[in-house]
Amino acid sequence: MTTTITGATGIDNIRAATGAVLQVVEASSTAAFASTSSSFVDLGLSVSITPTSTSSKIKVEYSLQNIYLAAANNGASFRIVRDSTPVFTPSDRYMLYTAATTNVYTSFSDVDIDSPATTSAVTYKVQMAVYNTNGNITISELGRFQKTIIVTEIAG
């Protein structure tokens, strides 16, 4: 760890080593979310963080439990958005897919690293687009399973 101490209090400027975890912020919800939209829509899962340095990296992790695919040939794609800018959009249109003719329950999680290059507050959120709009896709259908997003600031 690199530490520089200056000023009357002795703690005016402390700099962590590259790769050090600086802060972690988490948000979760058990509220059900359903969609048939083929356009990306917010899941109602977001978290804000204010990076301490413009060189910081932000690790974004999310987990979605109890995803219900209501129809055959149904699927969904998920992406991470910083404010209004997509950080990660999958190249495959359907990251989660079923060809089954019966109802399917599953879960999904993902991780990405972002470089926001700011010390202003930023908001990360998860969005979903349905692959085949012939059936609803519901997350936390019963309202008792969690959707979680965790952002971790890493010193750059």
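### Digging into the overall build of the protein chain
Looking only at helices and strands, the protein chain has zero helices and eleven strands in total. Ordering the α and β elements of the protein chain from the N terminus gives β-β-β-β-β-β-β-β-β-β-β. Relative to its 156 residues, the protein chain shows a buried fraction of 38%. Across the protein chain, the fraction of contacts at a sequence separation of at least 24, relative to all contacts at a separation of at least 6, is 80%. Here the protein chain displays about 7,700 Å² of accessible surface, and carbon together with sulfur accounts for 47% of that area.

### What to know about the nonpolar core
L43, I67, F78, Y124, M128 and I149 are the most contacted members of the largest nonpolar core, which totals 26 residues. Elements that contribute at least two residues to this core include exactly β3 (41-49), β4 (57-69), β5 (74-82), β9 (122-130), β10 (137-139) and β11 (147-154). Once you skip the residues sitting within four places of it in the chain, M128 turns out to touch F33, S35, S39, F40, V41, L43, A76, S77, F78, I137 and I139.

### A word on the confidence of the model for the protein chain
Predicted coordinates in regions of low pLDDT should not be interpreted in detail. Considering every residue of the protein chain, the mean pLDDT works out to 84; 85% of them sit at 70 or more. Ranking the elements of the protein chain by mean pLDDT puts strand β7 (residues 96-98) last with 71 and β11 first with 96. pLDDT under 50 marks residues 1-7. Its contacts with residues more than four places away, or in other chains, come to 18 contacts.

The rules we used
- Residues numbered from 1 in each chain as written.
- Predicted model: local features only at pLDDT ≥ 70, side-chain atom pairs only at ≥ 80, totals over all residues.
- Heavy atoms only, no water.
- Helix = DSSP H or I, 4+ residues; strand = E, 2+ residues; numbered from the N terminus.
- Buried < 20%, exposed > 50% of the residue type's maximum accessible area, 1.4 Å probe, protein only.
- Contact = heavy atoms within 4.5 Å.
- Areas by Shrake-Rupley, 256 points an atom, 1.4 Å probe, with all protein chains shown as cover.
- Core = buried A, V, L, I, M, F, W, Y, C linked by side-chain atoms within 4.5 Å.
- pLDDT = per-residue confidence, 0-100.

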